[in-house]
Amino acid sequence: MALQGPTSEFRLNLNQNTLMRFANMQNTPSGGFRSSTTIGTDGDFVWGFVLGFFVGFVMLIWVWMPNIPHKQKLGILTGLSFQLAFNVVQEETEDEFDQD
């Protein structure tokens, strides 16, 4: 593949996500592969939580990107879950007030 170059027909037919996935893989001493995606910091989690809570389902796109830190992905999913739970609780309390 390296000999064919970036404009070869084989390279153009490959999915770009597949190329990024293999570009981010590294050999480990156990003989397997390990993704080079970083774990991230607590700030990444908070940033992901805020974005997941306020932006919502649009942020699910970022969960599948290979270069996003793992803690930020968890923050996005947690923020989205809190947003959904908040909406459910809010609807239940509105229904209780409507019945009175």
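Everything in this summary refers to the structure shown in the same document. Going along each chain's sequence as written, the residues are numbered from 1 onward. Under the rules for a predicted model, residues below a pLDDT of 70 receive no local features and side-chain atom pairs below 80 are neither given nor counted, while totals for whole chains, interfaces and linings still include all residues. To obtain the side-chain values, all non-hydrogen atoms of the structure were used and water was disregarded.

## Focus on the packing of aromatic side chains
- Planes of paired rings set the category: under 30 degrees apart is stacked, over 60 is edge-to-face and the rest tilted, where pairs are Phe, Tyr or Trp rings (Trp by its six-membered ring) whose centres lie within 6.5 Å. Enumeration according to the criterion identifies 4 aromatic pairs in this entry.
- When the ring of phenylalanine 53 is compared with that of phenylalanine 54, the centres are 5.1 Å apart and the planes differ by 90°; the resulting orientation is edge-to-face.
- The buried label goes to any residue with under 20% of its type's maximum accessible area, the exposed label to any with over 50%, and the partly exposed label to all in between, with areas taken from a 1.4 Å probe on protein chains only. Look at phenylalanine 53 and you get partly exposed, because its relative accessible area is 23%.
- Classification of phenylalanine 54 as exposed rests on a relative accessible area of 65%.
- Residues phenylalanine 53 and phenylalanine 86 carry aromatic rings whose centres are separated by 6.5 Å and whose planes lie at 55° to one another, so their mutual orientation is tilted. With phenylalanine 53 in helix H3 (residues 42-55) and phenylalanine 86 in helix H5 (residues 70-99), this pair connects stretches of sequence that are 33 residues apart.
- Residue classification places phenylalanine 86 among the partly exposed positions, given a relative accessible area of 49%. Numbering of helices and strands runs from the N terminus, with a helix taken as a DSSP run of H or I at least four residues long and a strand as a DSSP run of E at least two residues long.

## Thoughts on the side chain of lysine 73
- Tracing the sequence through the fold places lysine 73 in helix H5.
- The criterion used for residue contact is that any of the two residues' heavy atoms lie within 4.5 Å. Not counting chain neighbours up to four residues away, the residues in contact with lysine 73 comprise Trp62, Val63, Met65 and Ile68.

## Re the packing of H3 against H5
- Axis separation between H3 and H5 bottoms out at 6 Å; the angle between their running directions is 35°. Crossing of H3 against H5: the hand is right-handed. Judged by residue contacts, Asp42, Asp44, Phe45, Trp47, Gly48, Phe49, Leu51, Gly52 and Phe53 of H3 engage Lys71, Gln72, Leu74, Gly75, Ile76, Thr78, Gly79, Leu80, Phe82 and Gln83 from H5.
- For this classification, the nonpolar set comprises Ala, Val, Leu, Ile, Met, Phe, Trp, Tyr, Cys and Pro, the charged set comprises Asp, Glu, Lys and Arg, and every other residue, Gly included, is treated as polar. Partitioned by chemical class, the residues of the contact of H3 with H5 number 9 nonpolar, 7 polar and 3 charged. Axes here mean lines fitted to C-alpha atoms, for a helix over just the part in contact, with angles spanning 0 to 180 degrees between N-to-C directions. Two helices cross in a left-handed way if the nearer one is turned anticlockwise from the farther one by less than a right angle. They cross in a right-handed way if the turn is clockwise.

## So, the pattern of salt bridges
- A pairing counts as a salt bridge when a side-chain nitrogen of Lys or Arg comes within 4 Å of a carboxyl oxygen of Asp or Glu. This structure, assessed with the given rule, holds 1 salt bridge.
- Residue aspartate 42 pairs with lysine 71 through a salt bridge whose shortest N-O separation is 3.0 Å. Pair noted here: aspartate 42 is in helix H3 and lysine 71 is in helix H5, with a separation of 29 residues, a long-range link.

## A short note on a nonpolar patch on the surface
- Residues form patches when they are more than 30% accessible in relative terms and have no salt bridge. Like charges link within 9 Å. Nonpolar side chains (Val, Leu, Ile, Met, Phe, Trp, Tyr) link within 5 Å. In this description, accessible areas are obtained by the Shrake-Rupley approach with a 1.4 Å probe, and a residue is regarded as covered only by the protein chains that are shown. Taken together, the side chains of Val46, Val50, Phe54, Val55, Val58, Ile61, Trp62 and Met65 define a hydrophobic patch exposed on the protein surface, amounting to about 720 Å² of accessible area.
- At the level of secondary structure, the elements contributing two or more residues to the nonpolar patch comprise H3 and helix H4 (60-63).
- The leading source of residues in the nonpolar patch is H3, at 4 residues.
- Assignment of secondary structure puts valine 46 in helix H3.

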